[in-house]
Each structure stands twice: as structure tokens, then as C-alpha cells.
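Chain and residue survey
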Amino acid sequence: MKSATPKVLHEICGRSLVGHVLAAAGELDPASLVVVVGHAREQVTAHLAEVAPDVRTAVQAEQNGTGHAVRMGLEELGGSVDGTVVVVCGDTPLLTGETLRRLSETHVADGNAVTVLTAEVPDATGYGRIVRDDSGAVTAIVEHKDASDEVRAVREINSGVFAFDGALLADALKKVRTDNSQGEEYLTDVLGILREAGHRVGASVAGDHREIAGINNRVQLSEARRILNDRLLTAAMLSGVTVVDPASTWVDVSVTFERDAVVHPGTQLHGATHLGEGCEVGPNSRLTDTRVGAGARVDNTVAMGAEVGPEASVGPFAYLRPGTRLSRKGKIGTFVETKNASIGEGSKVPHLSYVGDATIGEFSNIGAASVFVNYDGQDKHHTTVGSHCRTGSDNMFVAPVTVGDGAYTAAGSVITKDVPPGSLAVARGQQRNIEGWVARKRPGSAAAKAAEAASREPAGEE
């Protein structure tokens, strides 16, 4: 991956690669779930503790092959396991729980000692090939680097995903040798060992070969992201969501929708974002951990940790920071930034304003170019604007300050004291006109000439 980030911690659609695999494996409701960690294990273990605290880890101090890794995993469980052991790779984010369930069910139903998940791919380069006998039984899996030209022509490949009889697996791993080109313990050699011992080796073919794709570089990461994103959008559309342009829309696995939501082009939905019934989001919006209520409209907006109430309106070109709560039929308009702000039902912040650390009541209007001055250089302070207020344009509210219900503030005011309910607050200097200043201070300028011409014009009739 050519990255400081371990491969399995690279993310697509809101989850790490290993996180996707754990989600799929978790659908089997396993008695134990063990992740074998080796390279960069400190980072991987810390990540697992955060996203999957119930998962156990086994350390593979030296990376001596897949068979050795599985031995380490079994040792974490006491060396042997009764029942079925399913082995998956940590870099296959497209693998689904449904496919793993079919693999496990096939394994049990057919009475196999081992069942390998296979797929037929257009290009098998780099993958282990499935070798079958005339009856169709699996006789071996041959790694690409160890395969003959004849075997390399086979397009059915090993996915690296297996279901084993736990006791037979533990015994067979003791017999795996390292006389191969890499000097490693190949898990695939277990199939031959079990077959030679008279046990049945079967296969379960994945319905979509893309599910088993492993990620080894940024190109493959991008391809997997597109496939998974398409899956998520398809599921959303089939549930009643309109996605106008799936090619330019990106969602995380944790995003949820209600029917008749509309997602316009150029939109990204991340984290625990939820779109309510009949709402519209986009175009060109990025929402993270944000809830949008039924019938609301969010246009050209960046929002993080925000809540947009039913029938509310946001944007275009708004920035909703964490803690923003916009109530029913409220409005956050063009070039408005909000943070830790509760805006009541029907209240509006229409243009060119910053509202931070504030509470605004119901059906109030905040004038254009207003700033809630919440920071004194050391601490944050709160501003409260009541219900049915009308604040003038170009106001500054120097917190902590309260504007009472039904109060007005004049344009251009700096509000530093509480405004009683029903009052008009005027906090600005008296206007003073100095006549003739341009002629004296800017003689000969275009302004002076325009003023002189205007003074010669006859006064209009009343």
C-alpha cells in the first residue's frame, strides 16, 4: 500500500478493511472470533479494541505463512476447536455474511473435512488455483508461483476463505511442511493432507467473484470502494430512495434512509447520517453524523454532528458544525456557519452570519451579517435570543448576553447588555455628516467632481 497505515486499517465506505470482514463474520454469530495480528500489530490491536472490543487477538510474531497464522489463532482458543472453524482474510472487504453462511451450511450438509470458497475470475494472476479430479472433487490448491503453465490456465481460484472441521484442522496443521518457494506453512496444504487421510474436501462457489477480491494496492482499494458504494446505493434505491446520480454519490455502510428521500449529485453521506422521509440533500453536500428530518432541504452544505428538523431549510453554502440543532421549519441560509446552536421552530438565520454557542427561540429572525461573539480569548460564552425577535443586520452579540422575547435590535448594533422583552436595543454611534470634506481633502478627484456636479443640479420639485 506504500503507506504508514497498515493495509487492513485502510477504510472504504466508513469502515476499515478488517472492520468489513469482522462485520461479515459476525453475521454467523460465532462462538469465538479471533483476529491474527502480526505486522503493525499495535495499531491493528488498538483499532480492534475500538471497533470490536469483544474480538480476541492472536499474535503471529513472525509471518511464516497462512498455515502458521491459523495455528496461532487455534492456540488462542486452546489448540483445537469442536465444530466448524471458518477462516477468512482480513483484506477482503466485499465478502458478505450471506456468502459465509452458504459456505458454512454447505460444509456441514456435505460432511466435509474442509470446504473452500472458490470463484471463477476473468484474470486469475496471483491467485491460488483450484485443481479438481474428474468427479469434480477438490484435489489441491496450487499457489500461482508454484503452478505449472497448465494449472495457471485454470480460472477457478482459491479465495483464502475456508470452513474446516476444527479437530481435523488442528491435527493437519501439525503436518504442514515448508518445502515450497517461500519456505512458509501454506494453509492450502491442509487440503491435500486431509484428502490423503481419506477425508472429503469440497467447495462452495461464490456467486460474485468480486466478493473474494483482496486489497493489495490503492488501485484495488478504489475499485472495492466503488463496488461497495454501488451495493449500498442499490439497496437504498430499492428501498424507495431516489439517488439522482449514483456515480457521484458516496455513502458509508452506517448511513440510513427513509422512503422518498432524494439525494442529488455530488453528495457524500458519512457516519451515522440519517435521511428522513421525503427530504432532499444536495447537490454538492457532505453530511457526517447528521440527521435530516422529513421534508427538509439541505443544499450545498457541509454538516457534522448536526440535526436538521422536519421541513427545515439549509443552504446553499452553509456550514453546520457539531451541536447544531435546527428545529421544524427553521432556516439556516447562504454563507451561514453554526456551532453548538439550538435554533427554534420557524426561526431563521438567512445570510452571511455566524451563530455559535447560542439558543434562539421560536419564529425569530437574525439579520444578515450577524456574529455571535462567543469567545473571549480564553473561554466560550452563551448567547440567548428569545422567541419572535427581530435582530438587525450587521449585529454583534457579545456573549454572555440575552435578548428577550419579542425584542428588536437596530442594524449595526453591538449588543453587550441584556435586552428586555419587547425592547428595541440601539448600540451604535450617532451619525455625523461633515459637509464639503471631499472638496477640501480630495480636490480634483473623481468624487470631488461628481459632488460638485451634483451641487449644481437644480433641486427637484416637490
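Here, residues in each chain are numbered from 1, in the same order as that chain's written sequence. Local features in this predicted model are restricted to residues whose pLDDT is 70 or higher, and side-chain atom pairs enter the listing and the counts only when it is 80 or higher, whereas totals over whole chains, interfaces and linings include all residues. To get the side-chain values, take all heavy atoms of the structure and skip hydrogens and water.

Right, let's get into the packing of helix 6 (residues 166–173) against helix 7 (residues 189–196). Axis separation between helix 6 and helix 7 bottoms out at 10 Å; the angle between their running directions is 105°. The angle between helix 6 and helix 7 places the two elements in the roughly perpendicular class. Taken together, the residues of helix 7 that come into contact with helix 6 (itself represented by Leu168, Leu169, Ala172 and Leu173) are Val190, Ile193 and Leu194. Under the scheme applied here, ten amino acids are nonpolar (Ala, Val, Leu, Ile, Met, Phe, Trp, Tyr, Cys and Pro), four are charged (Asp, Glu, Lys and Arg), and all others, including Gly, are polar. The residue inventory of the contact of helix 6 with helix 7, partitioned by class, reads 7 nonpolar, no polar and no charged. Only the stretch in contact is used when fitting a helix axis, every axis being a line fitted to C-alpha atoms; angles between N-to-C directions are given from 0 to 180 degrees. For the purposes of this entry, the term helix denotes a DSSP run of H or I that reaches at least four residues, the term strand denotes a run of E that reaches at least two, and both are numbered from the N terminus. Here the angle decides the label: under 35 degrees means roughly parallel, over 145 means roughly antiparallel, 65 to 115 means roughly perpendicular, and every other value means oblique. Working rule for contacts: check all heavy atoms of both residues, and any pair within 4.5 Å makes them a contact.

Its boundaries defined by the atoms lining it, the second largest pocket holds a volume of some 350 Å³. Of the residues in the lining of the second largest pocket, the class split is 9 nonpolar, 4 polar and 3 charged. Definitions used throughout: a 1 Å grid over protein atoms alone; a cavity as a set of points that fits a 1.4 Å probe which cannot get out; a pocket as an open set with protein on both sides within 12 Å along at least five of seven lines; a lining residue as one with an atom within 4 Å of a point. Grid points are joined across faces, edges and corners, and a volume is the space filled by probe spheres set on the points.

Categorising residues by exposure relies on relative accessible area from a 1.4 Å probe, with only protein chains included: less than 20% of the type maximum marks a residue as buried, more than 50% marks it as exposed, and the intermediate range marks it as partly exposed. Turning to helix 6, its buried residues are Gly166, Leu169, Ala170, Ala172 and Leu173. Looking straight down helix 6, one finds its buried side chains confined to an arc of 170°; they lie on one side. In this structure, the buried residues of helix 6 make contact with helix 3 (66–76), strand 5 (84–87), strand 9 (156–165) and helix 7. Read the arc as the range of directions from the helix axis to the C-beta atoms.

Our next topic: the domain arrangement of the protein chain. Many structure descriptions define interface size as the accessible area lost when the parts assemble. The source of the domain bounds is an automatic or database domain assignment. Split into domains, the protein chain comes out as domain 1 (7–212) and domain 2 (218–425). Contact residues are listed per partner, giving 13 residues for domain 1 and 12 residues for domain 2. Buried area is a sum: the accessible area each of two parts loses on coming together, probed at 1.4 Å, counted once for each and added. Here domain 1 and domain 2 share an interface that buries about 1,000 Å² over both sides, 71% of which is from carbon and sulfur atoms. A per-residue breakdown of the area domain 1 buries against domain 2 is headed by Ile12, Cys13 and Leu94, which together make up 53% of the total. Whenever a carboxyl oxygen of Asp or Glu lies within 4 Å of a side-chain nitrogen of Lys or Arg, that contact is scored as a salt bridge. For the interface between domain 1 and domain 2, the tally reads 0 salt bridges. Any pair of nitrogen or oxygen atoms within 3.5 Å is treated as a polar contact; in protein, a donor-acceptor pairing is required on top of that, and neighbouring residues in sequence qualify only through side-chain atoms on both sides. For the interface between domain 1 and domain 2, the tally reads 4 residue pairs in polar contact (both at pLDDT 80 or more). Those elements that place two or more of their residues in the side of domain 1 that touches domain 2 are strand 1 (11–12) and helix 1 (17–26).

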